[in-house]
Amino acid sequence: MQRAALLDAARSLLSEGGTEALTFPALAERTGLARSSVYEYFKSRAAVVEELCEVDFPVWAADVSAAMERASTAEGKVEAYVRQQLALVGDRRHRAVVAISASELDAGAREKIRAAHGGLVAMIVSALGEMGHEQPRLAAMLVQGVVDAAVRRIELGAAEEPGVITEAAVSMALRGVRG
C-alpha cells in the first residue's frame with residue numbers, strides 16, 4: 001500500500017510540476033512517510049520513474065488498444081489510435097509519462113520508456129500496412145510524431161481548443177498535409 005501511495009504521489013508531483021518536483025522529500029511529505037522510508041522503497045528518482053512506466057504505460061496502452069479494437073477499418077484504427085492518446089492528455093498518468101519523457105533520466109529508465117513507446121507505435125503498423133503504406137513502421141513512427149506534437153500543443157495550453165488540435169492531428173495522420 002505504501003508503494004502504491006508513493007507512486008500516486010509521484011504521479012501528482014510529475015503532473016503538477018514536472019520532473020523537478022519529483023524529489024524524495026516531496027514524496028515523503030505527500031505520503032506522510034519519513035524521507036528515509038522513501039529510500040526503502042526506491043533507491044533513486046530514476047527507480048520511481050521506471051516503476052511508474054512499468055505500471056502506468058500498460059494501462060495507457062490498453063486504453064489505446066481497446067479504442068482501436070472497436071474500429072472496424074484500418075483507417076478507423078489509426079483514427080482511434082490518435083484520438084484515444086489525445087483524449088488521455090488530461091489524465092494524471094499521461095501527464096506523468098509526458099513529464100518523464102521530457103526529463104533527463106539514466107540510460108536504463110530511458111530504455112524502458114523507449115521500449116514502452118515502441119510497443120505503442122507497433123499497435124498501428126498493421127493498420128497502416130492495410131492502408132497501403134509501403135513502409136508501415138516508418139509511417140507509424142511519423143504518426144506518433146504527429147500525436148506527440150499535438151500532445152505538447154494541448155499540454156502547453158495553445159490558443160486552439162484541444163478538440164481543434166485533435167481534429168488537426170487526426171487529419172494529418174490520415175490525410176497528410178493535404179488536409
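If you're wondering where the values come from, they're calculated on a predicted model, not measured in any experiment.

Student: How should I be thinking about the overall build of the protein in this particular structure?
Tutor: Along its length, the protein carries ten helices and zero strands. Across the protein, helices and strands are ordered from the amino to the carboxyl terminus as α-α-α-α-α-α-α-α-α-α. Looking at the protein as a whole, 42% of its 179 residues are labelled buried. Of the contacts formed within the protein by residues at least 6 apart in sequence, a portion of 63% connects residues at least 24 apart. With the model as given, the accessible surface of the protein reaches about 9,400 Å², and the carbon-plus-sulfur share is 53%.

Student: Just to check I follow, could you spell out the environment of Ala47 for this structure?
Tutor: Relative to the elements of secondary structure, Ala47 occurs in helix H4 (residues 45-69). C-alpha separation for the pair Ala47 and Gly108, spaced 61 residues apart in sequence, amounts to 9.3 Å.

Student: It is not clear to me how the nonpolar core should be interpreted in this structure. Could you clarify?
Tutor: Across soluble globular proteins, nonpolar side chains show a tendency to be buried alongside one another. In terms of nonpolar packing, the biggest core is built from 32 residues, with Val64, Tyr81, Val82, Leu86, Ile124, Leu128 and Val143 touching the most fellow members. Looking at this core, the elements that each hand over two or more residues are H4, helix H5 (74-87), helix H7 (107-122), helix H8 (125-130), helix H9 (136-155) and helix H10 (162-175). Element by element, the count of residues in this core is highest for H9, at seven residues. Not counting residues within four places of it along the chain, the set of residues in contact with Leu86 comprises Val147, Ala150, Val151, Ile154, Thr166 and Ala169. With 19 residues, the next largest nonpolar core counts Ala10, Phe24, Ala26 and Ala28 among its residues.

Student: What should I look at first to understand the packing of H5 against H10 in this one?
Tutor: For any two helices packed against each other, one specifies the inter-axial angle together with the distance between the axes. Where H5 meets H10, the closest approach of the two axes is 10 Å, and the angle between their N-to-C directions is 150 degrees. With respect to the hand of their crossing, H5 and H10 are arranged in right-handed fashion. Two secondary-structure elements touch here, H5 through Glu75, Val78, Glu79, Val82, Arg83 and Leu86 and H10 through Thr166, Glu167, Ala169, Val170, Ala173, Leu174 and Arg175. Partitioning the contact of H5 with H10 into residue classes produces seven nonpolar, one polar and five charged.

Student: What am I meant to see in the pattern of salt bridges here?
Tutor: Charged atoms that come close allow side chains of opposite charge to pair. Applying the stated criterion across every chain, the model contains six salt bridges. Linking Arg11 and Asp56 is a salt bridge whose minimum nitrogen-to-oxygen distance equals 2.7 Å. Taken together, the residues Arg11 in helix H1 (residues 2-17) and Asp56 in helix H4 connect sequence positions 45 residues apart. The same class applies to Arg11 as to Asp56, namely buried.

Student: Which parts of the structure should I look at to understand the side chain of Gln144?
Tutor: The residue Gln144 is located in helix H9 in this model. Residue Gln144 is classed as buried on the basis of its relative accessible area, which comes to 2%. In this view, Gln144 contacts Tyr81, Gln85, His117, Leu120 and Val121; residues no more than four positions away in its chain are not counted.

Student: What is the right way to look at the packing of aromatic side chains in this model?
Tutor: Any pair of aromatic rings gets described here by the distance separating the centres and the angle formed by the planes. Within the structure shown, the criterion is met by two aromatic pairs. When the centroid spacing of 4.4 Å and the interplanar angle of 55 degrees are considered together, the rings of Phe24 and Tyr39 count as tilted. Here Phe24, found in helix H2 (residues 24-31), pairs with Tyr39, found in helix H3 (residues 35-41); they are 15 residues apart in sequence, far enough to count as distant. The interplanar angle of 70 degrees and the centroid separation of 5.1 Å between the aromatic rings of Phe57 and Trp60 together place this pair among those described as edge-to-face. Taken as a pair, Phe57 and Trp60 lie in helix H4 at a separation of three residues, close to a single helical turn.

Student: Where do I start with the confidence of the model for the protein in this structure?
Tutor: Parts of the prediction with low pLDDT should not have their coordinates interpreted in detail. Averaged over every residue, the pLDDT of the protein is 86; the share at 70 or more is 90%. Summarising per-element confidence for the protein, the mean pLDDT is lowest in helix H6 (residues 92-101) (62) and highest in H5 (95).

Rules behind the numbers
Residues numbered from 1 in each chain as written. Predicted model: local features only at pLDDT ≥ 70, side-chain atom pairs only at ≥ 80, totals over all residues. Heavy atoms only, no water. Helix = DSSP H or I, 4+ residues; strand = E, 2+ residues; numbered from the N terminus. Buried < 20%, exposed > 50% of the residue type's maximum accessible area, 1.4 Å probe, protein only. Contact = heavy atoms within 4.5 Å. Areas by Shrake-Rupley, 256 points an atom, 1.4 Å probe, with all protein chains shown as cover. Core = buried A, V, L, I, M, F, W, Y, C linked by side-chain atoms within 4.5 Å. Axes fitted to C-alpha atoms, helices over the stretch in contact; angles between N-to-C directions. Left-handed = near helix turned anticlockwise from the far one by under 90°. Nonpolar A, V, L, I, M, F, W, Y, C, P; charged D, E, K, R; others polar. Salt bridge = Lys/Arg side-chain N within 4 Å of Asp/Glu carboxyl O. Phe/Tyr/Trp six-rings, centres within 6.5 Å; stacked < 30°, edge-to-face > 60°. pLDDT = per-residue confidence, 0-100.

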